[in-house]
Amino acid sequence: MQSTDLGNRESGKLWHRKPSPAARDGFNLVQRTAQACTALAFNLRRKSEFLVALADYSIKCFDTVTKELVSWMRGHESSVFSISVHASGRYAITTSSDTAQLWDLDTFQRKRKLNILQSVGIQKVFFLPLSNTILSCFKDNSIFAWECDTLSCRYQLPAPPESSSILYKVFAVTRDGRILAAGGKSNHLHLWCLEAKQLFRIIQMPARVRAIRHLEFLPDSFDAGSNQVLGVLSQDGIMRFVNIQTCKLLFEIGSLDEGISSSVISPHGRYIASIMENGSLNIYSVQALTQEINKPPPPLVKVIEDLPKSKLNSGDLKMKVTSGRVQRPARSRENRIQTRILKKDLTGSFENKENELSDGLNKKRLQILLKGYGEYPMKYRMFIWRSLLQLPENHTAFNSLEDKGVHVAFLNLQKKYPIKSRKLLRVLQRTLSALAHWSAIFSDTPYLPLLAFPFVKLFQNNQLICFEVVATLIINWCQHWFEYFPNPPINILSMIENVLAFHDKELLQHFIDHDITSQLYAWPLLETIFSEVLTREEWLKLFDNVFSNHPSFLLMTVVAYNICSRAPLLNCSLKDDFEYFFHHRNNLDISVVIKEVYRLMDTTPTDIHPDSMLHVFVALTKGQYPVFNQYPKFIVDYQTQERERIRNDELDYLRERQMVEDMQAEVDQQRVEDEAWYQKQELLRKAEETRRELLLQEEEKMVQQRQRLASVKRELKVKEMHLQDATRRRFLKLQQDQREMELRRLDDELERKVHMRDREIATTAKDLEMRHLELESQKRLYEKQNLIRNQEAVAKEMREDTDAYRRKVDLEEHMFHKLIETGQTQNQKTHKLIEENLAKAEQACLNADWRIQALHKQRCDDLQRSECYQEVARLLRENRRKETEVLNSMMGEEAKKWQEAEEKDFHLKSEKKASALSDASRKWFLQKEINDALEHAEHPYTKGVPRYQNGQVVSSCLSRTSQLNDISEADSSTCPSFSQRRIQWDTTERDLMERVRNLRQRLTVQARNRCQTPHLLVT
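Residues numbered from 1 in each chain as written. Predicted model: local features only at pLDDT ≥ 70, side-chain atom pairs only at ≥ 80, totals over all residues. Heavy atoms only, no water.

Peer 1: Outline the pairing of strand S15 (residues 168–173), supporting the account with residue identities and numerical values.
Peer 2: Burial analysis of S15 places five of its six residues in the buried class, the great majority of the element. By the bridge criterion, five bridges tie S15 to strand S16 (residues 179–184) in an arrangement that is antiparallel. Within S16, the position partnered with Val 173 by the bridge is Leu 180. Following S15, the chain reverses through five residues before pairing antiparallel with S16; Gly 177 in that reversal takes a positive phi of roughly 70°. (Buried < 20%, exposed > 50% of the residue type's maximum accessible area, 1.4 Å probe, protein only. Helix = DSSP H or I, 4+ residues; strand = E, 2+ residues; numbered from the N terminus. Pairing = 2+ DSSP bridges.)

Peer 1: Quick one: what's the story with a nonpolar patch on the surface, residue by residue and with numbers?
Peer 2: There is a patch of nonpolar side chains on the surface, built from Ile 275, Leu 281 and Ile 283 and spanning about 260 Å² of accessible area. Here Ile 283 shows up in strand S25 (residues 281–285). On the basis of relative accessibility, which here comes to 39%, the residue Ile 283 falls in the partly exposed class. (Patch = residues over 30% accessible without salt bridge, like charges linked within 9 Å, V, L, I, M, F, W, Y side chains within 5 Å. Areas by Shrake-Rupley, 256 points an atom, 1.4 Å probe, with all protein chains shown as cover. Salt bridge = Lys/Arg side-chain N within 4 Å of Asp/Glu carboxyl O.)

Peer 1: Which residues make up the sheet that holds strand S3 (residues 37–41), and what are the values?
Peer 2: Strands pair in a sheet through their backbones, by hydrogen bonds, and they do so in one of two ways: parallel or antiparallel. With antiparallel pairing, the four strands of this open sheet are ordered in space as S3-S4-S5-S6. With partners counted over all chains shown, the strands left at the sheet margins are S3 and strand S6 (69–73), one partner each. The mean inter-strand angle of the sheet, taken between neighbouring strand axes irrespective of direction, is 20°. Where strand S5 (residues 59–63) meets S6, four bridges bridge the pair, whose relative direction is antiparallel. Its bridge partner lying in S6, Phe 62 is registered against Leu 69. (Axes fitted to C-alpha atoms, helices over the stretch in contact; angles between N-to-C directions.)

Peer 1: An account of the pattern of salt bridges is needed here, citing residue identities and associated values.
Peer 2: Taken as a whole, this structure holds 31 salt bridges when the rule is applied. Across the pair Arg 728 and Asp 725 runs a salt bridge, and its minimum N-O distance is 2.6 Å. With Arg 728 and Asp 725 both in helix H19 (residues 633–821), this residue pair falls three residues apart, about one helical turn. Through salt bridges with shared partners, one network takes in Arg 46, Glu 49, Arg 90, Asp 104 and Asp 106.

Peer 1: Give a description of the side chain of Thr 604 that names residues and reports values.
Peer 2: Here Thr 604 is to be found in the loop between helix H18 (590–603) and H19. Polar side-chain contacts of Thr 604 include one of 3.0 Å to the side chain of His 503. Here the side chain of Thr 604 touches Leu 600 through a polar contact of 2.4 Å, landing on its backbone oxygen. Setting aside residues up to four positions removed in sequence, Thr 604 forms contacts with Val 499, His 503, Met 556 and His 609. (Polar contact = N/O pair within 3.5 Å; in protein donor to acceptor, adjacent residues only side chain to side chain. Contact = heavy atoms within 4.5 Å.)

Peer 1: Could you give an account of the pairing of strand S14 (residues 153–156), with specific residues and numbers?
Peer 2: Judged from the three bridges that link them, strand S13 (residues 143–147) and S14 form a sheet pairing that is antiparallel. Of the residues in S14, the one forming a bridge with Ala 145 is Tyr 155. Between S13 and S14, which pair antiparallel one after the other, the connecting turn spans five residues, and Leu 151 there sits at a positive phi close to 60°.

Peer 1: Go over the sheet that holds strand S17 (residues 188–193) with me, naming the residues and quoting the values.
Peer 2: Taken in spatial order, the four strands make up an open sheet running S15-S16-S17-S18, and their pairing is antiparallel. Strands with a single pairing partner mark the edges of an open sheet, and in this sheet they are S15 and strand S18 (198–204). Taken pair by pair, the neighbouring strands of this sheet meet at an average axis angle of 25°, ignoring direction. As judged from the six bridges shared by S17 and S18, these two strands associate in the antiparallel manner. Looking at the pairing, Trp 192 lines up with Leu 199 of S18.

Peer 1: Requested: an account of unusual backbone geometry, with residues and values cited.
Peer 2: Its identity as a non-glycine residue notwithstanding, Asn 141 has a phi of 70°, on the positive side. Considering the arrangement of structural elements, one finds Asn 141 in the loop between strand S12 (133–138) and S13. Since its relative accessible area comes to 11%, Asn 141 is described here as buried.

Peer 1: Please set out helix H11 (residues 505–513) residue by residue, giving values where relevant.
Peer 2: Structural remark: α-helix, 3.6 residues per turn; residues separated by three or four positions point the same way. Among all positions in H11, only Leu 507, Leu 508, His 510 and Phe 511 are buried. On an axial view of H11, the arc spanned by its buried residues comes to 155°, and they lie on one face. Facing away from the buried surface of H11 by more than 90 degrees, the exposed residues are Lys 505, Glu 506 and Asp 513. Elements that come into contact with the buried residues of H11 comprise helix H10 (490–503), helix H12 (518–521), helix H15 (552–564), helix H16 (566–571) and helix H17 (575–581). Where H11 ends, the next residue or the one after it, Asp 515, has phi of about 60°, a positive value. (Arc of directions from axis to C-beta.)

Peer 1: With reference to specific residues and values, describe the environment of Val 499.
Peer 2: Considering the arrangement of structural elements, one finds Val 499 in helix H10. A relative accessible area of 1% means that Val 499 is categorised as buried. When the C-alpha atoms of Val 499 and Leu 555 are compared, they prove to be 9.4 Å apart, with 56 residues separating the residues in sequence.

Peer 1: So, the confidence of the model for the protein chain: which residues are in play, and what are the values?
Peer 2: Predicted confidence across the protein chain gives a mean pLDDT of 77, with 79% of residues reaching 70 or more. Low pLDDT (under 50) marks residues 305–351, which in the prediction has 24 contacts with non-local residues, meaning those over four places away or in another chain. Throughout residues 940–976 the model reports pLDDT below 50, and contacts reaching past four residues in sequence, or to other chains, amount to 43 contacts. (pLDDT = per-residue confidence, 0-100.)

Peer 1: Residues and numbers for the nonpolar core, please.
Peer 2: In this structure, Phe 455 and Phe 547 are the most contacted members of the largest nonpolar core, which totals 101 residues. At 10 residues, helix H9 (residues 463–476) tops the list of elements feeding residues into this core. The residues touching Phe 455, leaving out its near neighbours within four places in the chain, are Trp 385, Cys 466, Val 469, Val 470, Leu 473, Ile 529, Trp 539, Phe 543 and Phe 547. (Core = buried A, V, L, I, M, F, W, Y, C linked by side-chain atoms within 4.5 Å.)

Peer 1: Explain the packing of helix H8 (residues 448–458) against H9 to me, using residue names and the numbers behind them.
Peer 2: Any two packed helices are characterised by how steeply their axes cross, that is the angle between the axes, and by the distance between the axes. Where H8 contacts H9, the axes come no closer than 9 Å and their chain directions differ by 130°. In terms of axis orientation, H8 runs oblique to H9. In this structure, the crossing between H8 and H9 has a hand that is right-handed. Where H8 approaches H9, its residues Leu 448, Leu 451, Ala 452, Phe 455 and Val 456 are matched on the opposing element by Cys 466, Val 469, Val 470, Leu 473 and Ile 474. Broken down by class, the residue content of the contact of H8 with H9 amounts to 10 nonpolar, no polar and no charged. (Parallel < 35°, antiparallel > 145°, perpendicular 65-115°, else oblique. Left-handed = near helix turned anticlockwise from the far one by under 90°. Nonpolar A, V, L, I, M, F, W, Y, C, P; charged D, E, K, R; others polar.)

Peer 1: Help me get a handle on helix H7 (residues 422–438), residues and values and all.
Peer 2: If you check H7, its first and last C-alpha atoms are 24 Å apart, about what 17 residues at 1.5 Å a residue would give, namely 24 Å. Most of H7 is tucked away: 12 of the 17 residues are buried. Burial in H7 covers these residues: Leu 424, Leu 425, Val 427, Leu 428, Gln 429, Thr 431, Leu 432, Ser 433, Ala 434, Leu 435, Ala 436 and Trp 438. The inward-facing, buried residues of H7 abut helix H5 (395–403), helix H6 (413–416), H8 and H9. (Expected span 1.5 Å × (residues − 1).)

As structure tokens, then:
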């Protein structure tokens, strides 16, 4: 036994040596599905295609030639475990545990779906061979038969007997579809007769068989489909082959050590392929397995040998019985039988034998039927043609021709004959290639595709029949066509012309007058065998008669076609009209033409009749095709040589052209590279220019953005100025409101004080009398109390002076720190200086007005107070005059004290003047330093105006301060009271704070001008 390790190879050979020369050898990887395969099916209408069921519940169709996916079918919801293909290859049934689906393999669309209850379940659904019946087997042992076309239930098999009832798991049907074998988890086999619809036999397998896993009938070439041998695969991995008639075990494959997992038998029954449990694939030869069984039995024919002549008499005869083949008795020379009378019988029997066709048909009867109906039935036409042409169906010879591949002459057939159907083009190409391999002349015959195309279209599903029909047509109906090759068959055309001259001289003379030869009115019909001028039905009807008659019938058809078309032909005068007429369909009844053909066959004289020059029908030989050499061999050889020479010249030319093309390609490539380099440089230059333009655009955009930013900043500054102005106005209004409130409060306070003073004056006037009585007691205490008051006033004045000095020091330090901070605040802008100065001036004016109003009110208040004081003084003077006597004792001491107080006051004033001078010198120094620090950043105009304004404000403030001081001194001189001194210090403090505020604003404006001036110079 041979063994081959396939491994991971994608292709290779199965046999180390072929078991027979005709056996095909090899395997190829078609597709990697990446999923487990659950079922396979072959024998589709397109023989190169097959179906595969995968573990993802889908079914795919692959092509073994192109190795491509043809279609992908989905619809199952569980694993598909069975695929059954109809005998025509057009339909397929896929079965899973819950459903069965019927598919149309032409469109790969689902036609029907069988849904069942989940509790029932499907065992198998499959087509019966050689019929349109679908058999469905369910898990409850019910078996139904359905009509494929209508899907109507034809019958149901009855339930098996209870004594041998088993649950069916596996099924098998004979090739003729008459017997159904069913098995399951038992060693019993049930055989059903589907014609009688009953169980006719139960076979009990050996005791070792407990369950049956697979059933399959073994085909036999001589049993006409009624298979007698059944293969039974049991649970032990052994497949036993049993004769269902004799119930004998014939042979078995597999063993307990090397069990079989699944098995399949080839369609012709020669090989058995088994997948073993260890993963290997074993192929068994049925011939080798049945060698002992198929030994021929001993011969049943016994031959009686004659005795020698000397011993031949009636009384002495001996018989010798031997085994061997049947031998004819030797004829005696003396007793010869006269055969003259039997000659007629022999001729009749020969004619009958000639008319007798295969499959029980008779040619004479077919001709009578044909003449009666005009054509053969469409249903049986192909069968009758095959019988009439006596096709041998040489599969081996045709396969050998087909295995040679496509002939060189027909490699580019689609360019000359662009056929839409790829399948039809492929069949035509294979048929023409087989003819060219059969005889060399057909590779050079230009009209061969036109001759073969009608038959290719008719027999496209059976290439063997198509080839043999065309070959039979060429051998019989194309006799002597190739004697004048490559020219048209002048001898055949001459026969046609002679017949036409005999039957219709006028038409022939018309052809001659218009220079129309037989190559124009006869040859186009012959080279296309009327396929251009007839419809499909007319052409089939014509060739029913052609194949049923002598080969000369085809030539007579040409003459009859011309005679039946004489009226339009006689009206034609141009050559183009004649060409169009014989290359297109015409309004002509083919039945009339056929009747005319039969008339011509009967009325044509023998000397010009084509049947005298054409041989009778000769069928193709069985086994091998005959040699076809009825052509001028030297011309074909010359053409072959010329073609070979031309091919060699073409090869040389192609090589040279390839070299030139390579050189041209290199030059082109170099040019392309140069152009690419130049283009690249140009692109780089353009890119650089583009980048520059982009940079310029970006710069312009940046400038625009800066301008927009500056405008936005200006708008923001304007908004900020407006906001500041609004804020300032709101603040001024708030200050004005506060000052008005303060004035109202002061007015109220003044009124209250005036009222209180009036009440005090009244009280004082009332108390003067009481005080007169108390003068003595006050006299003692007056000096002491006066001293205490003076001390308290002096202490309070000292505290106020200390506080004023501390505030002055803080102000100077603040001004000095402001001087230091001027260098850090130089980033302010100059354009605010004028506005701020205006704001300061306006604020100064407002402050001055407020101060003037306040001073005016204070003056009024002082005048009122002075009047009150004068009144009180007057009263006091009057009281003094009355008390002069009381105070005389104290005047001296009082004068001394006042003198001492004046001296101290003078000394205090001198000290204040000295302090004021020192303060003025420090202020002058600080002002000079501030001016020196800001003079490089100040604009002359902005320098002068603020100085003038600030000086004016300061001078006005100083003047007003001096006025206030004068007023306060006057007030203090007139009435040295504590409230007047407090008002004086508050006024002084306000003036000083106003000056500090003005100085701070001035420093801020100068710093802004200093920061903005360099920016303006840069821009």
